[in-house]
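# Observations on the three-dimensional arrangement
In case you want the letters, here they are:
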Amino acid sequence: MLYKHPYVILRREIDHINFQKKYIEDEHFIELYEDKIVTAENKFDLKIVFDMSYKMLSDKYGFFYLHTTKGVFTYQVKQDPAELIAQFRKVEIK
């Protein structure tokens, strides 16, 4: 593995006893290898990845976009993924 960057999946649960909504963050990682990118949900060969971008929406959350030939995959991040993108640029297949 060359680099990994955390992302979160937010789950909403209902506390039926207290009648309250709870938001739970599950932390996962986007893992960059020399030939692939792996997330909790997907595995992408670098051959199909042609770009990465992100937009921080607040001081707490932003979105990381993985642009592939199969579409754009979005991941919610809490930290700037600039280093992940820089590492990807070193191994991307052009």
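Throughout what follows, the structure given in this document is the object of discussion. Please read these numbers as outputs of a predicted model, since none were measured by experiment.

## Some words on the pairing of strand β1 (residues 3–15)
- Relative to strand β2 (residues 20–32), β1 runs antiparallel, the two sharing 13 bridges. The residue of β2 that forms the bridge with isoleucine 9 is aspartate 26.
- Between β1 and β2, which pair antiparallel and follow one another directly, the connecting turn spans 4 residues, one of which, phenylalanine 19, has a positive phi of 55°.

## Some remarks on the pairing of strand β6 (residues 62–68)
- Of all 7 residues making up β6, 5 are buried, and the element is well covered by its neighbours.
- Strand direction decides the pairing type here: strand β5 (residues 49–56) and β6, joined by 7 bridges, are antiparallel. Bridging across to β6, tyrosine 54 finds its partner in phenylalanine 64.
- Hairpin connection, β5 to β6: the antiparallel pair is bridged by 5 residues.
- Two strands pair when backbone bridges link them, and β6 and strand β7 (residues 71–77) are joined in this way by 7 bridges, in the antiparallel orientation. For phenylalanine 64, the partnering residue across the bridge sits in β7 and is tyrosine 75.

## Topic: the packing of aromatic side chains
- Under the counting rule described, the total for this entry stands at 4 aromatic pairs.
- Pairing phenylalanine 44 with phenylalanine 73 gives two aromatic rings, centres 4.8 Å apart and planes at 65°, and the pair type is edge-to-face. Pair noted here: phenylalanine 44 is in strand β4 (residues 43–45) and phenylalanine 73 is in strand β7, with a separation of 29 residues, a long-range link.
- Relative to tyrosine 75, the ring of phenylalanine 64 lies with its centre 6.5 Å away and its plane at 40°, an arrangement referred to as tilted.

The rules behind these values
Residues numbered from 1 in each chain as written. Predicted model: local features only at pLDDT ≥ 70, side-chain atom pairs only at ≥ 80, totals over all residues. Heavy atoms only, no water. Pairing = 2+ DSSP bridges. Helix = DSSP H or I, 4+ residues; strand = E, 2+ residues; numbered from the N terminus. Buried < 20%, exposed > 50% of the residue type's maximum accessible area, 1.4 Å probe, protein only. Phe/Tyr/Trp six-rings, centres within 6.5 Å; stacked < 30°, edge-to-face > 60°.

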